Amino acid sequence: METGVATHPIFNWMPYKLIEKEGVVFVEWIYLGEKRFTDPFFDDTIARCKSLPHNSTGYKIISTADNVVEWAEEIKPVQISGFIFHVSRCGSTMVSQLLAIPASCIVISEAPLIDQILRNTSLSRPEKIPLIQAVFKFFGRKRFEEETQVILKMDAWHLFEIKNIRNFFPDVPFAILYRNPIEVIRSHKRLRGMHMIPELLSQAIFASEEIEIKKLSLDQYGVRVLEKYFQAIADFSAVDSNTKIFDYRQGIENIIRELDIFFALFHSEKMYTQMQERLKTHSKNPEGSFQCDEEVQINDLDLTQVNNLYQQIALLSHRKIY
């Protein structure tokens, strides 16, 4: 397969979804045309591409998982500059939006395909590893001349996979974003993410007992999820020398400037001016203006453990030398 050539049959095609039939895993592809990944989430870009003529024929373009691995062998992707992990509602979406402004940077934000592979029960671990690595190659495929780097933002619960992902990419910088737990809970109280609602994701991800969960309020369940996330951050960052932790309280612009160094992105001051304009809008809705979180009353929560972990992570972030 000749990569980087626009005339190749699968140039500008991207694997984006798993399909499983009778225990066999297939991969569905979508045509991207000239569309870059500049939307808040991977799926937002995919939705925009579905109206393109190539994707409106009534037919699906399907391959085997083995095809994806085989075709990826000839791809020379651009450099992976970093991974972004997060606890949700901590500025990670805005950070990924700002990093996607330069045409040189491909930003893949929470691609469901990665999560589908990680949580698939029909694929063995030896089968998942080359498939994930192949998909990352396609995500980082150079489709435009300016592209030189790729950044991958994971789902919040992928903090539980961070050790495995480190094994795949031993030399890539990992950034972890977190926030005061009560502020995260307040944000989810207004509009809960799927991982903050029991049974929307497999409880095996969070290593939680169903009987125990049923005794918790929705807000206390969210606290329990954050405890798991914060513990994963504390455990991993304590031993990984190529991980940097960012508290939402630092401010998004300050986080971006630190990431500029950590990920070796080398943004110009002109680019920072563009980023400051984007900061005035909503992270998940670029058409809407940014507004600070309103105070939401939350009562009768046990925050002891999660606050202890929050303080532990804060100490780690100040002690750590990168």
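Owing to the predicted nature of the structure, the values given are computational and were not obtained by experimental measurement.

Peer 1: Please explain the packing of helix 3 (residues 92-99) against helix 11 (residues 252-262) as it appears in this structure.
Peer 2: Any two packed helices are characterised by how steeply their axes cross, that is the angle between the axes, and by the distance between the axes. Two numbers describe how helix 3 lies on helix 11: the axes approach to 10 Å, and their chain directions differ by 55 degrees. When the axis of helix 3 is compared with that of helix 11, the two are oblique. Both helix 3 and helix 11 take part in a crossing whose hand is right-handed. Two secondary-structure elements touch here, helix 3 through Met94, Val95, Leu98 and Leu99 and helix 11 through Ile252, Ile255, Ile256 and Leu259. Of the residues that constitute the contact of helix 3 with helix 11, the class distribution is eight nonpolar, no polar and no charged.

Peer 1: Explain the sheet that holds strand 3 (residues 61-64) here, please?
Peer 2: For sheets, the rule is that strands pair by backbone hydrogen bonds, running either parallel or antiparallel. Pairing is antiparallel in the open sheet, where three strands are placed in the order 1-2-3. Across the chains shown, the open sheet's two edge strands, defined by having one partner strand only, are strand 1 (13-21) and strand 3. Between one strand axis and the next, the sheet turns through 35 degrees on average, direction left out of account. Alignment of strand 2 (residues 24-31) against strand 3, held across four bridges, turns out to be antiparallel.

Peer 1: Explain the pattern of salt bridges here, please?
Peer 2: Pairing between side chains becomes possible if they bear opposite charge and their charged atoms approach one another. Counted by the stated rule, this structure contains 15 salt bridges. Across the pair Glu110 and Lys153 runs a salt bridge, and its minimum N-O distance is 3.0 Å. Here Glu110 is found in the loop between strand 5 (105-109) and helix 4 (112-119), whereas its partner Lys153 is found in strand 6 (residues 149-153), with 43 residues between them in sequence. Neither Glu110 nor Lys153 differs from the other in exposure class; each is buried. Glu258 is the salt-bridge partner of Lys244, the closest N and O atoms lying 3.2 Å from each other. Taken together, the residues span a long stretch of sequence, with Lys244 in strand 8 (residues 243-247) and Glu258 in helix 11 at a distance of 14 residues.

About the criteria used
Residues numbered from 1 in each chain as written. Predicted model: local features only at pLDDT ≥ 70, side-chain atom pairs only at ≥ 80, totals over all residues. Heavy atoms only, no water. Axes fitted to C-alpha atoms, helices over the stretch in contact; angles between N-to-C directions. Helix = DSSP H or I, 4+ residues; strand = E, 2+ residues; numbered from the N terminus. Parallel < 35°, antiparallel > 145°, perpendicular 65-115°, else oblique. Left-handed = near helix turned anticlockwise from the far one by under 90°. Contact = heavy atoms within 4.5 Å. Nonpolar A, V, L, I, M, F, W, Y, C, P; charged D, E, K, R; others polar. Pairing = 2+ DSSP bridges. Salt bridge = Lys/Arg side-chain N within 4 Å of Asp/Glu carboxyl O. Buried < 20%, exposed > 50% of the residue type's maximum accessible area, 1.4 Å probe, protein only.

So, to be careful, I would describe these as geometric facts and stop short of saying anything about function.
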